[in-house]
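Examining the three-dimensional arrangement
Letter by letter, the chains look like this.
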Amino acid sequence: MMEEEELEFVEELEAVLQLTPDVQLAIEQVFPSQDPLDRADFNAVEYINTLFPTEQSLANIDEVVNKIRLKIRRLDDNIRTVVRGQTNVGQDGRQALEEAQKAIQQLFGKIKDIKDKAEKSEQMVKEITRDIKQLDHAKRHLTTSITTLNHLHMLAGGVDSLEAMTRRRQYGEVANLLQGVMNVLEHFHKYMGIPQIRQLSERVKAAQTELGQQILADFEEAFPSQGTKRPGGPSNVLRDACQVANILDPRIKQEIIKKFIKQHLSEYLVLFQENQDVAWLDKIDRRYAWIKRQLVDYEEKYGRMFPREWYMAERIAVEFCHITRTELAKIMRTRAKEIEVKLLLFAIQRTTNFEGFLAKRFSGCTLTDGTLKKLESPPASTNPFLEDEPAAEMEELAMEKGDLEQPKKPKAPDNPFHGIVSKCFEPHLYVYIESQDKNLGELIDRFVADFKAQGPPKPNTDEGGAVLPSCADLFVYYKKCMVQCSQLSTGEPMIALTTIFQKYLREYAWKILSGNLPKTTSSSGGLTISSLLKEKEGSEAAKFTLEELCLICSILSTAEYCLATTQQLEEKLKEKVDVSLTERINLTGEMDTFSTVISSSIQLLVQDLDAACDPALTAMSKVSFQKVLPPERQRVGTGGLSRSSPVAPAGSPVLKAPIEENGALQEFPQVLN
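The model shown is predicted, which means the values in this text are computed figures rather than measured ones. (Residues numbered from 1 in each chain as written. Predicted model: local features only at pLDDT ≥ 70, side-chain atom pairs only at ≥ 80, totals over all residues. Heavy atoms only, no water.)

1. Comments concerning the overall build of the chain
Convention followed: Numbering goes from the N terminus for both helices and strands, where a helix is a DSSP run of H or I of at least four residues and a strand is a run of E of at least two. Relative accessibility under 20% of the residue-type maximum defines a buried residue, over 50% an exposed one, and the middle range a partly exposed one, all with a 1.4 Å probe and only protein chains included. By the convention used here, residues are in contact when the closest approach between their heavy atoms is within 4.5 Å. We get accessible surface area from the Shrake-Rupley algorithm with a probe of 1.4 Å; when it comes to residues, only the shown protein chains can shield them.
Counting its secondary structure elements, the chain contains 25 helices and zero strands. A total of 673 residues make up the chain; the buried ones form 37% of that total. In the chain, the share of contacts with a sequence separation of at least 24, taken over all contacts with a separation of at least 6, comes to 81%. Just so you have it, the chain exposes about 42100 Å², and 54% of that area is on carbon and sulfur atoms.

Given below as structure tokens:
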């Protein structure tokens, strides 16, 4: 019975001592041990067998039992000591907690005391600074009051002095005083509700109005609009008056400028009235000479009277230009039938020179926005009307060489005065266009007459197969006309000039090039491939002489040159004309005309080559090649071709060199195919 109870006790004890693997691992990490008794899988039987592996080892069993009992007693003592030590832990913890609570209460009390002291200190500082703030506000208000009273005193005294000086016309002192009074018055804008301040402001405005009227009256007296000029007062007084006008309403300044310029140019309107001889275009130089004298006279007499920032000399010149443009437009409308091209170009040349003179002397800062918008910006710097203009000559030399695409020079700075007078000539440019039409017609007739008189280019010379010199002369004249017209206008007159160019390009192609091509016996209506085939089937076609072949090559080279130069001319015209009108410039039809001349010339050369080779080919067809012939007889046909062809080595320079030079040789394979 006792054994069973012991077994149950052991099982219960083992069940209680059975720990989880995690707990057992933690214990091993905290208390590492090599003792078998500390192992989780301890087995008593195995442990006893380890202690007593053999029967002989049982002899010291008592010693082993004593060691185990000693170990058990030590474990019991350790357990007892630990259990007794844990009995006082709870009491010590409660005591430590109570002490911590007491320390927290003491700390809270100290913090409250510090806060109360800080509030008392803040209240004390507020009480101390309250008086300082009041004193600071009082000081600021007092300073403002003193400053305002000083300004008021200055304003009142300044208004009184201003009125007194105005009556005495002491403009030199008034200029400085008025500016100061106006600056002081700006400080009283927020006090205008006060009657005294408002009254002072009204007195200042009244003084300004009186000054403006008085200054205008002084200038009217010094420079009356009616009658002759006479000095009405010391120039120093008027100079000081101008300084005052700078401070007054801008309308006063504009009125002074307007009246002075009107009086200064009144003589011009009388001298160059529409019914006067000097008013016509042939004496336009006198207009510009008169204004130059007036500008010199102004600088000597009145240059120091007006402030520099008024730009009076430039304003006089600009107003003169406006009046001149109006007067010239009026007189040209009245006498439009008397305008000749030489007279028109003369007037435009002198006017353009004068505009250049203005650009060199003045900056153009007085031109209004409206004036600048009406005036067109100047085109390229090449001006054929200005003297000492090498750029136009260089362009003509380049034109003679067939090089229109030379590197462009940088444009000169824009002339703000361009067109300020010369704009009036634009409605009458039809005279120039008609003149160019007539001149080009005469030029074409002269080309035709020279060609008939001199005859075609001679073979075996430097002229043989070269470009006709007349085409270079034509394009040089075109270049000159284009540059001249672009200086006058880049609008509709340029379109009209382009139409004239197209007309005479076609006439040159018909009269000089196509009209001088040798005629064939088969057709008088032009050369085509079908006509050449018909000639082949019919009678033998006539061969061209060496002179005729040289003429065909010259016409071919000239047509090539004209085609390339016409394309460049179209590009140049589009550069010169207004952007809105570029679509109306189209020289495609004229380029097609020159292409037709090129095609006709090549067809004539092919026809001559075909006619020259025909007898040799006929002889070759009659030779019997069935028999074996000696080598020299087998080449009889090719020898005949060599002797009959005009492009044989002896005659090759007539055709080959000029055609290769102009690129037309590249079209031969297409025609031959």
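Moving on from the coordinates now.
2. Digging into unusual backbone geometry
Non-glycine residue Tyr311 carries a positive phi angle of around 50°. Mapped onto the elements of the fold, Tyr311 is located in the loop between helix H11 (284–302) and helix H12 (312–334).

3. Focus: the environment of Leu185
By the secondary structure assignment, Leu185 is in helix H6 (residues 171–185). With relative accessibility at 10%, the residue Leu185 sits in the buried group. Through-space distance from the C-alpha of Leu185 to that of Ile197 is 9.0 Å; in sequence the pair is twelve residues apart. Those residues in contact with Leu185 that sit more than four places away from it in its chain are Leu155, Met192, Ser201 and Val204.

4. Description of the packing of aromatic side chains
For clarity, the threshold we go by: A pair of Phe, Tyr and Trp rings is counted when the ring centres sit within 6.5 Å of each other, with Trp represented by its six-membered ring. The angle between the planes then sorts it: under 30 degrees is stacked, over 60 is edge-to-face, the rest tilted. Lysine NZ or arginine CZ positioned within 6 Å of the ring centre and within 35 degrees of the ring normal marks a charge as sitting over the ring.
Overall, the coordinates contain 18 aromatic pairs when judged by the stated rule. Over the face of the ring belonging to Phe357 we find Lys292, whose NZ or CZ atom lies 4.8 Å from the ring centre. Of note, Arg335 hangs over the ring of Trp280, and the distance from its end group to the ring centre comes to 4.1 Å.

5. What to know about the environment of Gln179
Position of Gln179 among the secondary structure elements: in helix H6. Judged by relative accessible area, which is 34%, Gln179 ranks as partly exposed. With 68 residues separating them along the chain, Gln179 and Ile247 place their C-alpha atoms 6.9 Å apart.

6. What to know about the confidence of the model for the chain
Note the threshold: pLDDT is a residue-level measure of predictor confidence that goes from 0 to 100.
In this model, the chain carries an average pLDDT of 76, and 77% of its residues clear a pLDDT of 70 or more. This stretch, residues 227–234, has a pLDDT under 50; its non-local contacts, to residues over four places away or in other chains, come to ten contacts. Here residues 522–540 is modelled with pLDDT under 50, and outside its nearest four sequence neighbours on either side it reaches 14 contacts, counting other chains as well.

7. Topic: the nonpolar core
Applied cut-off: Residues belong to a common nonpolar core when they are buried Ala, Val, Leu, Ile, Met, Phe, Trp, Tyr or Cys residues joined through side-chain atoms within 4.5 Å.
The biggest cluster of nonpolar side chains holds 124 residues, and the ones touching the most others in it are Phe219, Phe306, Phe425 and Tyr508. Ranked by residues supplied to this core, first place goes to H12 with twelve residues. Setting aside its immediate chain neighbours within four residues, Phe219 contacts Leu238, Ala241, Cys242, Ile256, Met305 and Phe306. Leu155, Ile197, Leu200 and Val204 belong to the second largest nonpolar core, which has nine residues in total.

8. Side note on a negative patch on the surface
Put simply, the rule reads: Within the patch definition used here, like charges are joined within 9 Å and nonpolar side chains (Val, Leu, Ile, Met, Phe, Trp, Tyr) within 5 Å, considering only residues with over 30% relative accessible area and no salt bridge. A carboxyl oxygen of Asp or Glu within 4 Å of a side-chain nitrogen of Lys or Arg is what we treat as a salt bridge. We treat Lys and Arg as the positive residues and Asp and Glu as the negative residues; His and chain ends play no part in the count. Here the site of a charge means atom NZ of a Lys, CZ of an Arg, CG of an Asp or CD of a Glu.
Together, Glu4, Glu5, Glu8, Glu11 and Glu12 make up a region of like negative charge exposed at the surface. Here Glu4 shows up in helix H1 (residues 2–17).

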